[in-house]
Amino acid sequence: MLEVQNVSYTYANRYQTNEVLHEVSCTFEQGQMYAIIGPSGSGKTTLLSLLAGLDLPTKGEILVDGKLMTSMDRDTYRRDTASVIYQSFNLFPLLTAMENVMFPLQLRGKPMAEAKTEAMKCIESVNLKESVLNQRPQRMSGGEQQRVAIARALAAGGGILLADEPTGNLDAANGEAVVAILKKLAHEKDYIVVVITHNTSIAEQADVVYRIVDGRLSTGAAE
Amino acid sequence: MVVKNSLRQMLRTPVKTVSFLLLITLTALFLSVGANLLLFTRKSLETYEKSFKTIGTVQQQPKMLKEYAMWDQSQQTYSYGTQSVYDRLIPLSVLDFADANYIHPPEKRPFYGAYDENYNIGNFYQSNDTQWIILELSPTEDCIPSNPVPMKVKRVLYGKIGEYTKDVLFCDPDVEKPQPMFADKTYILSVNVVALSSFYGYEDQNAFDTVLVPAAGVESTQYDQTGAQVPDLYGAEADGWEEVTEGYFDTPRGQRWEELIKSIKRLPKTIPVIPTNATQLLMAFYSGSANITEGRDISPEEYAKGVKVCLVERQFAQYNRIAPGDTLPLPLYFADYLHTPMVTGNLYYGGLLNAQGKAYPVFEDSAYTVVGIYDIYGSSYESTDFDLVGNTVIIPAASVKNSDEQNIIAWGPMRAATTSFEIPNGTIDQFEEAWNRQGIDGLKFTFYDKGYSRLKQGMDRIHTISLILLLIGAVVMVLVLTLFTFLFIIKNQKRTAIERSLGYRKRQCAASLLSGMLLILVIGSAIGACGGAWFCNTVIDRNMSASEGGSFDLAYSSWANDTDKLAEMRLDLNSAGMGVLITFCLSMATGTLIAGVGVRRNLKAEPMLLLSGKGDSE
């Protein structure tokens, strides 16, 4: 379970201070798909960044299964627990689809053969065609790339999947397919799936929807 | 895994990778050539500095050449010659001027005569007593000895004229009208024996084949330390002979002959002793015509402190069974500030008596420890004045504690053979400029640096080229590294962000970014550095071989004749490891620094901001 308790995040530079999140509190539980919606600049991505352990809140706490994130090794947390997928896929452009999926497995120290077997399972679970396995991302379609990204997230294991506009660069069919995979992960594989989206149809498919406006969070149905 | 993935990704951009390898190899090659040349020139210059010395000699130029007449008995006319005339003797002290940066200040060396009854000087004066005779003669009839005239030998005081010879020919060929000599009188005189054949028209006087001619007599040529001749108390005889009368030998003049004989008898046991402040100031040692072959040189400390140590000529050492460590007594009794020792001895010029008409007394009597034995080879310079003669002993000038002012038999201007100094290599022009500012005319300086200036000039040019190569190499390397840091690292900012989001630690991200680039840098730098060293080595080696091949006359280049020095230079060159190491380290340090800046920049970027943006990751 992920708990966000009174989290604020202030971005400051030499010229200005900007509070991006203001005392945000929410909970993310296993087996649920969450959607976070809100206008651009409302703090959605910042919240996701905090949930992914890429940054720490200025105020408040985030707890992962009851443990304070500040007391955790956040690199290990990202490696073993939370994975992120993005609108722009963010695959390693010089590695093949298979190598991209194997990457987190190898990072965890899996031997090559074992990593390959596990990667294949992940790839199969996202319905990726075998023909693209040895291709580099630039030769794949957007849908294929996002599937590879999801497969890579699955390979990382953990149980938390954070998605930042995962269908933003996909056509409707591929978008639907990706959402279906995410829902399946939440409901069948007991993942916490947090999806940031502008897309109301995706938000409607979420179990819980959070809305962020000007850095303040509220619970509610998608518009 | 981190490195493997990094390399895998790098190898999938082969054009970029190969370009980087080629460019970095080329720049490392430039750097290596520059660095190796720089090291070579520095080492060579150090070697040159050690093996080269710049010696200056000083010669006072005569104010004019004056013609003098000399009676030629054979032609019965005057012949004419020229002699140098000096308006004043320029003192050594003028060379002590501001900006004169001496290593060894100028010294005007005398040579001392050391006499010891136990000296064995070989056959140097073997015929002395048959060539130089002091005797009493009486003409067979009244005569003017402008031509060979017969005389009766009354008594031989010194020398050998033949056991049964009572009749001789005598002539004073250097004077047009000699003083008359009378048959009833006895004259004492100092004579040399010359062949009768040199007297035209007298060859048929078959009873004789030699003629006695006047030699140096009892006149004094003593000088003081200002170069002024000390007045002879009793004046010189008119024509080199004097009438012997009753009680003559009890008079001061008569006693002079006995003193003269005493002095002449010392000659076969007299050796030249040269006091100096550094062995290399003696041109014979500088040129290599004299060389220490046993024992060691006198050390700078011994010279400075005036320790009583000496260098002995090989033949003298052999005749006297002297080896390094032995002691040699050196009773010094005269000082000649004009001449250099000659094989036959300078005392033939005269000057055997002081102004009181006495044989010169010993002014310094010390025992010296022999530290080295030297050999004399053929002359290398145009003037034999520079060469040493047999039996010569070298001592530190400061070891002579007593003044020689009462024992100076000859004094003259500064001469190249007797006046020299040492200045730092490469400062001849500065010295001459500083001297010219003194505004003193009349001295001629000649410098000997064995080609140092020319070699230094060449080395300086190579040094400049090497610096330019180094600079160009460094600048190009910085540019290449900056470009490829941009391509391999900064442009991969998103990759770093992905790695971070997947759980890479920052150091793993750094390793991922750096490993591939640094590996190429290692390979390129190593190839370039070794290639540059090889190229540099080959070029210089060929040039050195060409020099040895006889294209140039290196007779005066001591380094060229010194195989140890050459080997030293070669060794450094061949082991150009230092140049390779410098280049390699410089490349790696620059690469790591620049790439490090790029990595730091990447790691500073906020991963989420990069990853949530639109567009592909590269």
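Here is a short report on the structure shown in this document. (Residues numbered from 1 in each chain as written. Chains lettered and ligands numbered in written order. Predicted model: local features only at pLDDT ≥ 70, side-chain atom pairs only at ≥ 80, totals over all residues.)

**Topic: the overall build of chain B**
Phase 1: Looking only at helices and strands, one finds 15 helices and 20 strands in chain B.
Phase 2: Counted over contacts in chain B with a minimum sequence separation of 6, partners at least 24 positions apart contribute 83%. (Helix = DSSP H or I, 4+ residues; strand = E, 2+ residues; numbered from the N terminus. Contact = placed C-beta atoms within 7 Å.)

**What about the packing of helix H2 (residues 14-51) of chain B against helix H9 (residues 452-488) of chain B?**
All names here are of chain B.
Phase 1: Contact pair H2 / H9: the axes reach a minimum separation of 8 Å and the direction vectors enclose 155°. Here H2 lies roughly antiparallel to H9, going by the angle between them. Judged by the sense of rotation from one axis to the other, the crossing of H2 with H9 is left-handed.
Phase 2: Its residues placed into classes, the contact of H2 with H9 shows 26 nonpolar, seven polar and two charged. (Axes fitted to C-alpha atoms, helices over the stretch in contact; angles between N-to-C directions. Parallel < 35°, antiparallel > 145°, perpendicular 65-115°, else oblique. Left-handed = near helix turned anticlockwise from the far one by under 90°. Nonpolar A, V, L, I, M, F, W, Y, C, P; charged D, E, K, R; others polar.)

**Describing unusual backbone geometry**
All names here are of chain B.
Phase 1: Positive phi values are uncommon outside glycine, yet Asp99 reaches one of about 70°.
Phase 2: Note on Asp99: 11 C-beta atoms within 10 Å, which makes it exposed.
Phase 3: Positioned with a positive phi, Lys450 is a non-glycine residue whose angle comes to about 55°.
Phase 4: Along the chain, Lys450 turns up in the loop between strand S20 (443-448) and H9.
Phase 5: For Lys450, a count of 25 C-beta atoms within 10 Å translates into the label buried. (Buried ≥ 20, exposed ≤ 12 C-beta atoms within 10 Å, placed from the backbone.)

**Section: the sheet that holds strand S4 (residues 104-108) of chain B**
Residues and elements named next belong to chain B.
Phase 1: Pairing is antiparallel across the open sheet formed by four strands, whose spatial order is S4-S19-S1-S20. A strand with exactly one partner marks an edge of an open sheet, and here the two such strands are S4 and S20. Taken pair by pair, the neighbouring strands of this sheet meet at an average axis angle of 20°, ignoring direction.
Phase 2: With three bridges joining them, S4 and strand S19 (residues 419-423) adopt antiparallel strand pairing. Note that in S19 the partner of Lys108 across the bridge is Thr419. (Pairing = 2+ DSSP bridges.)

**Considering the sheet that holds strand S6 (residues 82-86) of chain A**
All names here are of chain A.
Phase 1: Strand order across the open sheet formed by six strands is S6-S7-S8-S3-S9-S10, with mixed pairing between neighbours. Among the strands making up the open sheet, the edge pair consists of S6 and strand S10 (216-219). For this sheet the average axis-to-axis angle between neighbouring strands, irrespective of direction, equals 20°.
Phase 2: Those strands touched by helix H6 (residues 172-188) are strand S3 (33-37), strand S7 (160-164) and strand S8 (192-196), and its axis lies near 150° from that of S8.

**Side note on the packing of H2(B) against helix H14 (residues 577-604) of chain B**
Residue and element names in this part refer to chain B.
Phase 1: Running from amino to carboxyl end, H2 crosses H14 at an angle of 135°, the nearest separation of the two axes being 8 Å. When the interaxial angle is binned, H2 and H14 end up oblique. The way H2 lies across H14 gives a crossing that is right-handed. Residues Ala28, Leu31, Ser32, Ala35, Asn36 and Leu39 of H2 form the contact with H14, whose own contacting residues are Met578, Gly579, Val580, Ile582, Thr583, Leu586 and Ser587.
Phase 2: Counted by class, the contact of H2 with H14 contains eight nonpolar, five polar and no charged residues.

**Some points on the interface of chain B and chain A**
Phase 1: With 22 residues of chain B at the interface, the matching set in chain A holds 25 residues.
Phase 2: Elements supplying a minimum of two residues to the side of chain B that touches chain A: helix H10 (493-501) and helix H15 (607-611) of chain B.
Phase 3: If you tally residues by element for the side of chain B that touches chain A, the top one is H10(B), at five residues.
Phase 4: In terms of residue class, the side of chain B that touches chain A is built from six nonpolar, eight polar and eight charged.

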